[in-house]
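# Breakdown of the fold
So the chains spell out like this:
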Amino acid sequence: MPKETAVYTHGHHESVLRSHRWRTAANSAAYLLDELRPGLAVLDVGCGPGTITADLAARVAPGRVTAVDTTEEILGQAAAVAAGRGLENVGFAVADVHALDFPDDSFDVVHAHQVLQHVGDPVQALREMRRVCRPGGVVAARDSDYAAMTWYPETPGLGEWQDVYGRVARGNGGEPDAGRRLLSWARQAGFDDITPTAAAWCFATPESRAWWSGLWADRTTDSVYAELAVAGGHASAGQLTEIAGAWRSWGEEGDGWFMVPHGEVLCRV
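Treat the numbers as computed from the prediction; the structure is a model and nothing was measured.

## As for helix α3 (residues 51–60)
An α-helix turns once every 3.6 residues. As a result, residues three or four positions apart point the same way. Counting buried positions along α3 gives eight out of ten residues, so the element sits mostly inside the fold. What α3 keeps buried is the set Thr51, Ile52, Thr53, Ala54, Asp55, Leu56, Ala57 and Val60.

## Observations concerning unusual backbone geometry
Trans peptide bonds make up the majority, and among non-glycine residues the majority have a negative phi. Each neighbour pair has its own omega, and for alanine 61 with proline 62 the value is 10 degrees, a cis peptide bond. Within the secondary structure, proline 62 is located in the loop between α3 and β2 (65–69). Cis peptide bonds are those with omega within 30 degrees of zero, and the linkage from tyrosine 152 to proline 153 qualifies with -5 degrees. Following the sequence through the fold, proline 153 ends up in the loop between β6 (150–152) and α6 (158–171).

## Focus: the UniProt feature "domain: Methyltransferase" (unreviewed entry) in the chain
Per the UniProt record, the feature "domain: Methyltransferase" (unreviewed entry) sits at residues 38–156. Helix makes up 28% of residues 38–156 and strand 30%, whereas the separation of the span's terminal C-alpha atoms amounts to 49 Å.

## Regarding the packing of helix α8 (residues 206–222) against helix α10 (residues 237–251)
Any two packed helices are characterised by the angle at which their axes cross and by the distance between the axes. As a packed pair, α8 and α10 sit with axes 8 Å apart at the nearest point and diverge in direction by 175 degrees. The angle between the axes of α8 and α10 places the two elements in the roughly antiparallel class. Contacts between α8 and α10 involve Arg209, Trp212, Ser213, Gly214, Trp216, Ala217, Asp218, Thr220 and Thr221 from the former and Leu240, Thr241, Ile243, Ala244, Trp247, Arg248, Trp250 and Gly251 from the latter. Across the contact of α8 with α10, the residue classes tally to eight nonpolar, six polar and three charged.

## Some words on the packing of α8 against helix α9 (residues 224–231)
Contact geometry for α8 and α9: axes closest at 5 Å, N-to-C directions at 45 degrees. When the axis of α8 is compared with that of α9, the two are oblique. When you trace α8 past α9, the crossing you get is right-handed. Between α8, through Arg219, Thr220, Thr221 and Asp222, and α9, the contact on the second element is made entirely by Val224, Tyr225 and Ala226.

## What to know about the state of the cysteines
For the structure on display, the rule yields zero disulfides. Unpaired in this structure, cysteine 133 has its nearest cysteine sulfur neighbour in cysteine 267, at a distance of 9.4 Å.

## Observations concerning the nonpolar core
Judged by nonpolar contacts, the single largest core of 31 residues is most densely connected at Leu43, Val45, Val110, Leu116, Leu126, Val139 and Phe191. Broken down by secondary-structure element, the contributors of at least two residues to this core are β1 (42–45), β4 (107–113), α5 (122–131), β5 (133–144), α7 (182–188) and β8 (257–268). Sorting elements by how many residues they give to this core places α5 first, with four residues. Counting 27 residues, the second-largest nonpolar core is a separate cluster that includes Ala169, Trp216, Ala217 and Ala244.

Conventions used here
Residues numbered from 1 in each chain as written. Predicted model: local features only at pLDDT ≥ 70, side-chain atom pairs only at ≥ 80, totals over all residues. Heavy atoms only, no water. Buried < 20%, exposed > 50% of the residue type's maximum accessible area, 1.4 Å probe, protein only. Helix = DSSP H or I, 4+ residues; strand = E, 2+ residues; numbered from the N terminus. UniProt positions renumbered as here; feature names shortened; annotations may be inferred. Axes fitted to C-alpha atoms, helices over the stretch in contact; angles between N-to-C directions. Parallel < 35°, antiparallel > 145°, perpendicular 65-115°, else oblique. Contact = heavy atoms within 4.5 Å. Nonpolar A, V, L, I, M, F, W, Y, C, P; charged D, E, K, R; others polar. Left-handed = near helix turned anticlockwise from the far one by under 90°. Disulfide = S-S within 2.5 Å. Core = buried A, V, L, I, M, F, W, Y, C linked by side-chain atoms within 4.5 Å.

Pasting the structure below:
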């Protein structure tokens, strides 16, 4: 697979968007919030259905947010979220993070959440994000780390899920353990003023366990990820059904606990 070519492992199945729509600036970009102020120009790379985008736009208004992703379909959903919140300071465009169609020094803040794990060349992506960021601005990236995800109790099947997911993601040209690599990638991209941090999501209440396990059970059998897992020879349909069952069993555990760790970098230009 060419270096800059990668397949988005998750796709935009409802079970994926169920997760993405839950994301907010508070639960997914807290490390960036102190850098935001009214009047800034922001580029949101890989905006997805736009919930984080809308939060950023509300914080920097009357400054503008430009939200980019790879398809018009998902940008339409993000535009609907912005419109539903009455935000008029958001623009949308299809873009490839490896070659952004913006002039140098266009934005004060360039942000990417859960993007670099899915691209073919994360260092080149960060170079482009740096190029379009003005001197004195910041490039912010946050990515999860699948190998570091942990849970209790040790439900049979979830270890297999972790292994299969890693093989599928790498087979698609991505790096599922991106969180631990962000600092290294940022240095390779030419940044020398970097604040690296880490944060985690935790799903341990009955409601959050049911939500998290349900969306992963559905994603394991019904999404693009499931199709790619079978087509790539990483798992059979029967194996995926068993893994989905393991997710549902874990979700029913009264003391179930799941942690999703994230690496973060705030890079000053």
